Each structure stands twice: as structure tokens, then as C-alpha cells.
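Structure assessment
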Amino acid sequence: MTTPAHTGAPGGVDVPVAAPARHLYVHLPFCAHRCGYCAFVVETGGLDRRDDYIAAVICEVEQRCAEIGVLDTIYLGGGTPTLMRPRRIARLLRALADRTARAAEVTVEANPETVDGAQLDALRAAGVTRVSLGAQSFRPRVLERLERRATAEQVEAAVRCARRAGFDSVGIDLLFAVPGQTAADLEGDIARALALGVDHVSWYELEIKPGTALERMGAAPPDEDDAADAYERIVDALTAAGFEWYETANFARPGHRARHNMAYWTAADHVGVGVGAVGTAGGLRRRNAPGVDRYVAALRAGREPAHAVEALDADTRRRERWMLGLRLADGVDTSRVGPPDHPVALDDLEDAGMLVRDGARVRLTHRARFVQNAVAGRLMDFAA
Amino acid sequence: MNGVTEQTIRNFCIIAHIDHGKSTLADRILQITGAVSEREMRDQILDSMDLERERGITIKAQAVRVHYTASDGVTYQLNLIDTPGHVDFSYEVSRSLAACEGALLVVDASQGIEAQTLANVYLAIESDLEIIPVLNKIDLPQADPELHGRAVADLIGDDPDNVLRISAKTGEGVADVLEAIVARIPPPEGEPAAPLRALIFDSVYDQYRGVVAFVRIVDGGIRSGDKLYAMQTGLSIPADQIGIMSPRMVPVERLDAGETGYIVTGLKAVGDLRVGDTLTLAHNRAAEPLPGYRDVKPMVFCGLFPVDADDYPDLRDALEKLSLNDASLVWEPETSQALGFGFRCGFLGLLHMDIVRERLEREYNLELLATTPNVEYQVRTTSGDEVEVHSPAELPAPNSTEVIREPYVRCTVLVPKDHIGAVMELCQERRGTFVTMEPIENRQQIIYDMPLAEIVMDFYDQLKSRTRGYASLDYDLVGYRESPLVKLDVLLAGDPVDALSMIVHKDLAYARGKALVERLQKTIPRQMFEVPIQAAIGGKIIARETVKARRKDVLAKCYGGDISRKRKLLEKQKEGKKRMKQVGRIEVPQEAFLSVLTIQDGAKK
Ligand SMILES: Nc1nc2c(ncn2[C@@H]2O[C@H](COP(=O)(O)OP(=O)(O)OP(=O)(O)O)[C@@H](O)[C@H]2O)c(=O)[nH]1
Ligand SMILES: C[S@@+](CC[C@H](N)C(=O)[O-])C[C@H]1O[C@@H](n2cnc3c(N)ncnc32)[C@H](O)[C@@H]1O
Ligand code: SF4
Ligand SMILES: [Mg+2]
């Protein structure tokens, strides 16, 4: 590991001195119940700690004010941020107001069953510009498998209310490759998702994560061909409906790409606050520990919350940038990111129709985007 | 050694079919003679290599000296050599026999005579050794000492009363074995006063001592510090330290005629010393060297390639050192288009190949890739040249080939009578020609001449499974015979991969080609591109399968908190690829190169 960047690297190569980050992630961990597939940092009890928690988050922002610049994006993720109720979110956004750019994108993850029209209006009034609604599926069988509480109707109602509230962008999250999800289920989800007229869709392949209820049940993922069929179908249907497939799992109508997530994928520095939040700036990746009680206690006592720091050397950062950039339809800007470990592989892959070079940009072809890990493995030495 | 004369020395080895209890008998002898304390004792103590202990078999012959005070009140020096029983290592047995005057022939009293019992008896008789027959495992309820005792006596032309009955496990009867050794095995007959002649019967490279030679002194003697001369290689060797194995290395001042021991040669370079060579004194040379050993002929060959090309020099070094301890291993550099630089190695059989590879990997910390094994072929070209072919790649083109000959072995199978049909059927399927058949005790000895190439595949496994484990097998090279053989090439994505080629009988080529590509299709994982796999003979495609291209290799979700995890996933994926060999654009797992060995079954269906 090289010297932490903000002390200035000795050789000085490719390790910029950290400027304050323009992107902030805030983790709001409370949920009513843990869904069967979810491995996020979540707490399902102790809702009476919500005021303390918001206060602690504001303290952490203050503590780390040197790291946080004028914010171009703010992302309130969860957990279930909407369980915090609009007034706590408003309080947090007020505390950030001084450092929020005028045209900032402010996203809140919203669980459809927790919001109504009035609440969405209040969020809009508090400065939220974008909502991302967790639908996951519209099929009762699939929702049951996932242990999701929001019904298809609740999702549709939430989208309508969000529209009326006047957000700049309304998006939904969906899942495929759910064990037991049939081709007909998928077609149903595609049709209903498109009928909603949302601006943004994140359509993730379900990962069966260790420790989740789904994993304990011994659920098996579909085989590669079935998962590929579903994925290809989703990409085809959404692009045909006018969405841009701008990132591996993300689709947006023109002008509606998620700016905050784009910051992740272009490896821009960002700060994460709250339990379990992760941020990367100046070659250091910081991960706050989980545990609301300990988090609140530390900040109340004026201490830093528990966290771990991973130093990323120049090569690791370059490899991550390639890994992330290859996810994007726009690809990697080699003039910013640096060369791959195996520049010859670029020629081979280009000859094989897997990538396109366009000035300093390297983009994967449509087909190659489905096998981007294999492509990344050819270009880069991912070595522990 | 004080007061030891040749008259009180006995040199013998323990020979038997695999698993009949040689090493266990050696344990008891070491114990009774006090060579090993109770505390140090463990089962099959002479099987000191990790591999031997894990597999429960002896791989290397092992010499050890013990002292035994017999009922006549005289203390004898016993030099015993425990030998391996597996057919691949019969060369170890013949080398050991050359250092002895007698042999303990161990036969499992519950199983009786097996194929290697016969083979070893013939070797011992050929070397003119005194054979002491011993029925072992009489503690087993299914032991039948009466029946098997008569059969063994018959085999060696001895009186059934002379067949000892023991249990090496419980120790019962082992004292009688020691008395018989002293009484029946003649003392060595060297000339203590003649110029030194010592036979090098084994050697080893020791990290600290350098090259160590194990010798049997036939005439004369060695004193520590003597200057020695190797009669074949002309090498001068200072006998800086000499000693005996008991079973640890114990230095002594002198080794005399009739004794066995070791010499720390001071040689640092391996490859100079030759097993079978005769050592004499530099300043008082013997006139004639000892007969030495016949050259062993390797039976199977395969390419060994370092998985990491940078390890090539280390592999050469490891092969040099290992050959010193394994005189039957031969090797020469080989270059493969697909696999880069490596060595073509010759082995005594598949077990030997497996063991050598594993020893190289473990003892020398290498990661190796072994290609499909093959036998040695002889080719007469149209221009009249005779060529020896050790790999399919070396086979001359069909239009310049006049004749191809392949090695044949005479196979001896011993089997209970109700399995005769199954054995004959298998031998016929594998291109065997019947030679003869005769009963031996309650069993049938069936002899076939078979192409060695057929044995090298899974013949032994098939033999065992079709006779419910009752058959035993021995074989010996009988020469080369003309055969209609062709080279079967394998093409991955249109390019021939030399390391996957094989030489097959023309009538079996289609079936094997088909089975091979099917097998490869299952072994090679999906890649970024579709990979056609083809089998071809002389440019004509005879079978084809396809490994489909990967269709999805992504991790769908990746947000800020996920980047490290995602990167680690790619790292893990890369780690997995290290077990693969990159052949052109294709990643081929190591097992693929051994696919050929297991396609026999498929070929029949
Ligand atoms: N019951 C019983 N088992 C025995 C006796 N002698 C040996 N065994 C068992 O037979 C098996 C083989 O014994 P080993 O001494 O390794 O046989 P080996 O002849 O040296 O075998 P290789 O060196 O591989 O040819 C072991 O499991 C021993 O414990 C005996 O007298 N009675
Ligand atoms: C951080 S979660 C929280 C959002 C919100 N609480 C909800 O459940 O709607 C954001 C999104 O991640 C996705 N997600 C969660 N667990 C996942 C998993 N195991 N595999 C793939 N996607 C997952 C879901 O689509 C979810 O909407
Ligand atoms: S999926 Fe969303 S609602 Fe469900 S437990 Fe996870 S964070 Fe909470
Ligand atoms: Mg043994």
C-alpha cells in the first residue's frame, strides 16, 4: 500500500491530493423488517432512536467538514430512508444546505408502502429532487419469495404520487434471476414497469448473499443461460422503449441518468456518513462500522465513529477505474484512467468485436457488456 | 564393526505382491532387534516419504542394518532391504536383489499367490538367491495357510514344511523368520583382501550433505577419508563420511566386504553419479567393474510443463535431483506450441508418472501440467530411417511413414476361475492376443500379449472392476509389433493443440476421437468466445463439439459501498484462472490434458 494520498505521495505519480468531495452518501439504516434477500446494514428495531441518529449523522458531517466540498449530489440510502419521515430528512438537508450546490441532485430511496402523497410532497419541499422506489417485482409470487411488503398496487400509487409531487426524476428498482421467477413473471414485470412511465430503472440481478433468509433456505440461482435470457430480454425491452442502457444494471430516459451513481462509476471522490457507509477519497476508502447505538454514542461524545480504512495504491485504483468504467455505455476515458495492464489485449478484443476505441475512450460492444467480467480479466491483472 | 566377519553378515530383501505385508514385517524385525525404540516405532516405519505414508504403499526400496543375536549365541549383522510391490517399481526390486544373497518371499495367507509374487520369485531365482517363503497374515480368519503353503512350496520347489507361518501384525512367528535368515541365507562371498569393489545401488540428493550414494561392498573395504574412483563414469569421489542406515544415518569408520552402507560423496552437482556403477579405490583399482544393472526402459512418456513458464529452470533442477533418487526416470527438453518449454519424461508406468509428478510438485514446490501419456513407437520412414517416437508430435507424416511399430507386453493375469470369461473379454477388447492359460493353485493364470498402449489407459481399473477386485496383473515388455496406427489431432477453435494429440489404432480412431471431444467439451469451461473442439485424422475432421460462449459474466449491482467487494471478486476469478493454461485465446484446465486416459469406456459405447 502506498502512502495515504492526502499526505502527498513520495513519487507523486497519479495520487492527487484530495480535494473536498462533491458527492455525499448518507446511510439511514432503519427498516420495518428485513427482506429475505437483503444483506445491507439494516436495523429493524429501536425506531425511537431516529432523532438521535439524525443528530449523530449531522455531527459526523460537521466532524468531516474538511472532506466535504460543495455538493453536487446527495444520496440518502438505506435501509428505508422514508421510515425517517420527511421532517427528519428535512432537518438533515437543512444542515447540509450551506454546502449543497444550487442544481444538486438529491435522491432518496423510498419504500412504496411507507409513503403517501403528502409525505412525497413534503420530501419534495425539503429539497429532494429524485426518488428511487423499491419495487423489486410486480408479481405476488415473486414478492412473497423476496419477503417484500409493498404490493404492485402500492408501487404504482407511489409512482403516481411522486409524479404529482413534481420530482425531477422518478425511478424504480427491480430484480431478475429470482429463484422461481418464470419467463412469464419477467414479461409481466417488464410490461408493468414500462407502463409506469418512470424516468429511471435499476434492474439488478439478484445476488443470493450469505446470511440472508434466501441463502439459508438453500435457494439456488438460475443457470447462466436462463439468467442471460432474462437479462438480454430486459435490455432489449427497455432500450426499445426509449431507455438508454447507460450502466450494467441501469436504464434512464435521456437526461435522467443518476448523477450520484455516475460519480461512483467514474471513480469520483465521495464521502459516506452514517452506519455502514462507505466513501472513497484521495486513495483511501473508509467504511463506517455498523451498529446504531455505538455510532450515536461515539458522536454524542464527540468521538469519531468506528471505521476501517483501506488504502488503495495507484494500481489498485487504476484497476478499479477500469472495472467501473467498463460498466458504462460511455466506457473508460483512458486519458483520465490510465492504460490497462495488458494494452495488447485491447487490440485482440477489438478484433474480436468485444470493444470499440473512440479517441481515448474504450467502450464495450453491446454483446461484450454481458460478459464484462471476462473482458476486465483480460485487460487487467486483478491480483490480491 | 568389531569382530564382524563376512561369516556373520546376512544380506536379504523382502519381496511380495503389493500389500502382502513386507513393510509391516520389516517393522517387526526392526522392533525385535531393537533397531528402533518403542517410542520411535510406528507402522511401516521404512515408508518414510509422505507420499508413501499417505498412499500406504512402498515406492522406494529402503535399506537398513540391524543386529541380531541368534539362538546359536552369535550376533549377526543383518542388512535388509524392504522393496515396493507395485509392478511399476519392479526395477527397484531387481536392483535390491543384486545387493543380496537371500530373499524373504512374503505371501498373504488369505490371498495366496498373486501376479507380482510370481514376477518377484522369477527375479529372485534368476539372481540365484536363497528364497525363504513366508505366509503372512495368519491372524486373519480367512487365512488358508494349508492351501497357500503348498502352492508357495510348489512354486519355488521347496518342502511345504519349510514355509514359515507368521503374522507381521501380531509378531507371531517373526522370531522364526530371523532364525531362518541366519540359518538358510548364505553369508556374502566377497574377497575382503581384494581391491575395493562397491556397487552403487541407490542414491539421493540431500539438501545439506549433497549427493549420497548407497553401496553394497562386494570386495575389499572403505575407510572414511578414502579416495574413491567410479569405474564407469571415471569420477573421483572422496569418501568424506561413510556410514550405515539403522534406519537413521549413523557414521562409521569403515565398511567391509559384505556390508551395505552410505557414502557422502561431497558431490554438489547432481547427474554425475550413476546407480549401478562400481566404486573402487583411486590408488588401488580393481581390474573389472561389477556387472551393474540392466538399463530400465521407460514404458510411458508424457510432457511435464511448468504452469508458470518462469519455473522452467527450477523444473530442470528438480528433475536432475529427483533422477538421482529415481534411476528409472528419464527426461529430455521438449517444446510444445501450446504449452511452451518443458520436458518429455519417461516412466515405468502410470503410478510412477503420478508419483514423480507429485514428488516434483511437493519436494520442489512446483506447479506442473502433465500431458496425455503415451508409449514409445518405432517408425521406419519411406527413406529407410528408423525413428523412435516419444510423443505424438514427433510422429512422421503418414506419407513418409513406411511402418509403425508399437510396444507389446506379455500380461499375466491371475484370477479365480469364475472370472476367466470377463478377463478374456477385456483382453480381446483391448487388442490382446491369447498366449496360454494354466491353473495355479485354485486360480487360473491367463497370459495375453497386448499392446502396452492399451494397458497404459485404464486397463488395470477395468480388470479390477470386472473381476470384483480378484484379478492381479503383471506385465513385461516382449518387443515391438507392427500396427496400423494413426495420429489423432485435436483442434481448439481451429488450431491444432499438439499437447492433446494421441496415437491410436486406426479401427478405434473414430470412437476415441468422438469420446475425446465429448470429454473435452465437458472439461473446458465456457469462455468469452465459442470454442469449437474438433478431432481430426490427417486433416480430416472426424468429430466435433462446441463449448458455448459465455453469455453472462457480470455482477449486476455495484454501488459505492460495493467497489472493494466487486474488485475482490475479480481477483478471485483471476486466481481460479491460474489453474488454467492459456492455449491461444482459450483457457484450458489442467485436467483436460489427461482426458484421454478416461475415454476408453466412452469409446466402447
Ligand atoms: N491382519 C494383518 N494385516 C497385516 C499383516 N501384515 C500387514 N498387514 C496389513 O496389510 C496392509 C499392507 O501392509 P504393508 O506392510 O504396507 O504391505 P507392503 O507389502 O509393504 O505393501 P507395498 O509396499 O505397497 O507393496 C497394511 O494395512 C497392514 O497393516 C498381518 O500379519 N495381519
Ligand atoms: C440499498 S437497497 C435499499 C432500498 C430500499 N430499502 C428498498 O428495499 O426498496 C437498494 C436496492 O438494492 C437492491 N438489492 C438489495 N439486495 C439485493 C440483492 N441481494 N441482490 C441484488 N440487488 C439487491 C434492491 O433492488 C434494492 O431496491
Ligand atoms: S431490501 Fe430495503 S427494505 Fe428490505 S431490508 Fe433491505 S433495505 Fe430494508
Ligand atoms: Mg511396503
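Analysis parameters
- Residues numbered from 1 in each chain as written.
- Chains lettered and ligands numbered in written order.
- Predicted model: local features only at pLDDT ≥ 70, side-chain atom pairs only at ≥ 80, totals over all residues.
- Heavy atoms only, no water.
- Helix = DSSP H or I, 4+ residues; strand = E, 2+ residues; numbered from the N terminus.
- Buried < 20%, exposed > 50% of the residue type's maximum accessible area, 1.4 Å probe, protein only.
- Contact = heavy atoms within 4.5 Å.
- Areas by Shrake-Rupley, 256 points an atom, 1.4 Å probe, with all protein chains shown as cover.
- Lys, Arg positive; Asp, Glu negative; His and termini not counted.
- Charge placed at Lys NZ, Arg CZ, Asp CG, Glu CD.
- Domains from an automatic or database assignment.
- Buried area = accessible area lost by both parts, 1.4 Å probe.
- Salt bridge = Lys/Arg side-chain N within 4 Å of Asp/Glu carboxyl O.
- Near = heavy atom within 4 Å.
- Polar contact = N/O pair within 3.5 Å; in protein donor to acceptor, adjacent residues only side chain to side chain.
- Nonpolar A, V, L, I, M, F, W, Y, C, P; charged D, E, K, R; others polar.
- Arc of directions from axis to C-beta.
- Pairing = 2+ DSSP bridges.
- Axes fitted to C-alpha atoms, helices over the stretch in contact; angles between N-to-C directions.
- Donors = N, O, S within 2.8 Å, 3.2 Å for Na, K, Ca; no water.
- Parallel < 35°, antiparallel > 145°, perpendicular 65-115°, else oblique.
- Left-handed = near helix turned anticlockwise from the far one by under 90°.

Attention now goes to the overall build of chain B. The secondary structure content of chain B amounts to 13 helices and 33 strands. Along the three orthogonal principal directions, the C-alpha set of chain B runs to about 80 × 65 × 55 Å. Here chain B holds 605 residues, and 59% of them are scored as buried. Partitioning the intrachain contacts of chain B with sequence separation of at least 6 by distance along the chain shows that 69% fall at a separation of at least 24. If you sum the accessible surface of chain B, you get close to 24700 Å²; carbon and sulfur atoms cover 48% of it. Placing the 71 positive and 91 negative side-chain charges of chain B at their respective mean positions leaves the two points 9 Å apart.

All names here are of chain A. Each assigned domain of chain A is listed with its residue range as follows: domain 1 (21–265) and domain 2 (314–379). Once you take the C-alpha centre of each, domain 1 and domain 2 turn out to be 28 Å apart. Across the contact, twelve residues belong to domain 1 and ten residues belong to domain 2. The contact between domain 1 and domain 2 buries some 1000 Å² in all, and 57% of this surface belongs to carbon and sulfur atoms. On the domain 1 side of the contact with domain 2, Trp 245, Thr 248 and Trp 265 bury the most area, a combined 50% of that side's loss. At the junction of domain 1 and domain 2, the tally comes to two salt bridges.

Before going further, it helps to spend a moment on the site of ligand 1. Residues and elements named next belong to chain B. Around ligand 1, a shell composed of 18 residues is seen, among which Lys 22, Ser 23, Thr 24, Thr 58 and Asp 139 lie nearest. Between ligand 1 and Asp 19, the relevant distance is 3.1 Å, taken from an oxygen atom to a main-chain nitrogen or oxygen of the residue. In this structure, Ser 167 approaches ligand 1 through a side-chain N or O atom, which is 3.2 Å from an oxygen atom. Protein coverage of the free-state accessible area of ligand 1, which is 650 Å², stands at 85%. The biggest single contributor to the shell around ligand 1 is helix 1 (residues 22–32), with three residues. Grouping the constituent residues of the shell around ligand 1 by class yields four nonpolar, nine polar and five charged.

Glancing now at the site of ligand 2. All names here are of chain A. Lining the immediate surroundings of ligand 2 are 17 residues, of which Gly 79, Gln 136, Arg 148, Asp 173 and Glu 207 lie closest. Gln 136 is positioned with one of its side-chain polar atoms (N or O) 2.7 Å from an oxygen atom of ligand 2. In the complex, the protein chains occlude 94% of the 560 Å² of accessible area that ligand 2 would expose alone. Elements with a contribution of two residues or more to the shell around ligand 2: strand 4 (130–136), strand 5 (169–176) and strand 6 (200–205). In the shell around ligand 2, the residues fall into five nonpolar, five polar and seven charged.

What follows deals with helix 10 (residues 292–300) of chain A. All names here are of chain A. Within helix 10, the full set of buried residues consists of Val 292, Tyr 295, Val 296, Ala 298 and Leu 299. All buried residues of helix 10 project into a common sector of 165° when viewed along the axis, lining one side. In helix 10, the exposed residues that point more than 90 degrees away from the buried face are Asp 293, Arg 294 and Arg 300. Of the surrounding secondary structure, the elements contacted by the buried residues of helix 10 are helix 1 (50–63), strand 9 (271–273) and strand 11 (284–288). Gly 302 sits one or two positions beyond helix 10 and adopts a positive phi of about 75°.

A few words now on the sheet that holds strand 4 (residues 102–108) of chain B. All names here are of chain B. With respect to topology, six strands assemble into an open sheet ordered 2-3-1-4-5-6, the strand pairing being mixed. Because the sheet does not close on itself, it has two edges, and the strands there are strand 2 (62–69) and strand 6 (164–165). Two elements, strand 4 and strand 5 (residues 130–136), share seven bridges in a ladder whose sense is parallel. By the bridge assignment for strand 5, Val 106 is matched with Val 134. Each of strand 1 (9–16), strand 2, strand 3 (75–82) and strand 4 is contacted by helix 1, which is oriented at about 150° to strand 1, the strand it contacts most. Relative to the sheet, helix 6 (residues 174–184) contacts strand 1, strand 2, strand 3, strand 4, strand 5 and strand 6, its axis offset from that of strand 5 by approximately 170°.

With 29 residues of chain B in contact, the opposing surface of chain A contributes 46 residues. Buried area between chain B and chain A, summed over both chains or domains, comes out near 3700 Å², and the portion from carbon and sulfur atoms is 53%. Taken as a group, Met 528, Arg 551 and Lys 552 of chain B account for 22% of the area that chain B buries against chain A, more than any other trio of residues on that side. The interface formed by chain B and chain A includes eleven salt bridges. Between Glu 310 of chain A and Arg 567 of chain B there is a salt bridge, with its nearest N and O atoms 3.0 Å apart. In this assembly, chain B and chain A are joined by 23 residue pairs in polar contact (both at pLDDT 80 or more). When residues in the side of chain B that touches chain A are grouped by element, the largest group, ten residues, is from helix 12 (residues 563–577) of chain B. For the side of chain B that touches chain A, a count of residues per class yields nine nonpolar, five polar and 15 charged.

Let us now look at the pattern of salt bridges. Under the definition given, this model contains 73 salt bridges over all chains. Between Arg 357 of chain A and Glu 350 of chain A there is a salt bridge whose closest N-O contact spans 2.8 Å. Asp 219 of chain B is paired through a salt bridge with Arg 197 of chain B; the nearest N and O atoms lie 3.0 Å apart. Of this pair, Asp 219 of chain B sits in strand 8 (residues 210–219) while Arg 197 of chain B sits in strand 7 (residues 197–206); the two residues are 22 residues apart in sequence, bridging distant segments of the chain. Taking the relative accessible area as the measure of exposure, Asp 219 of chain B reaches 8% and is therefore buried. Among the charged side chains, a salt-bridge network with shared partners connects Glu 224, Asp 225, Asp 229 and Glu 232 of chain A together with Arg 526, Lys 548, Arg 550, Arg 551 and Asp 553 of chain B.

All names here are of chain B. Coordination sphere of the magnesium ion (ligand 4), protein contribution only: Ser 23 (OG) and Thr 58 (OG1), at 1.9 to 2.0 Å. Of this pair, Ser 23 sits in helix 1 while Thr 58 is found in the loop between helix 2 (50–55) and strand 2, placing the two residues 35 residues apart along the sequence. For the residue pair Ser 23 and Thr 58, the accessibility class agrees, reading buried in each case.

Bringing the packing of helix 7 (residues 312–325) of chain B against helix 8 (residues 350–363) of chain B into the picture now. All names here are of chain B. With their axes 10 Å apart at the nearest point, helix 7 and helix 8 run at an angle of 120° to one another. With respect to helix 8, the element helix 7 is oriented oblique. In the crossing of helix 7 with helix 8, the sense of the turn from one axis to the other is right-handed. In contact with Leu 315, Ala 318, Leu 319, Leu 322 and Asn 325 of helix 7, helix 8 contributes Val 356, Arg 359, Leu 360 and Glu 363. In terms of residue class, the contact of helix 7 with helix 8 is built from six nonpolar, one polar and two charged.

Take the packing of helix 6 (residues 183–195) of chain A against helix 8 (residues 224–240) of chain A next. Residues and elements named next belong to chain A. It is the contact of helix 6 with helix 8, at a shortest axis distance of 11 Å, that shows an interaxial angle of 25°. Overall, the two elements helix 6 and helix 8 adopt an arrangement that is roughly parallel. Every pair of crossing elements has a handedness; the one defined by helix 6 and helix 8 is right-handed. Across the interface between the two elements, Leu 186, Glu 187, Ile 190 and Leu 194 of helix 6 pack against Ala 230, Arg 233, Ile 234, Ala 237 and Leu 238 of helix 8.

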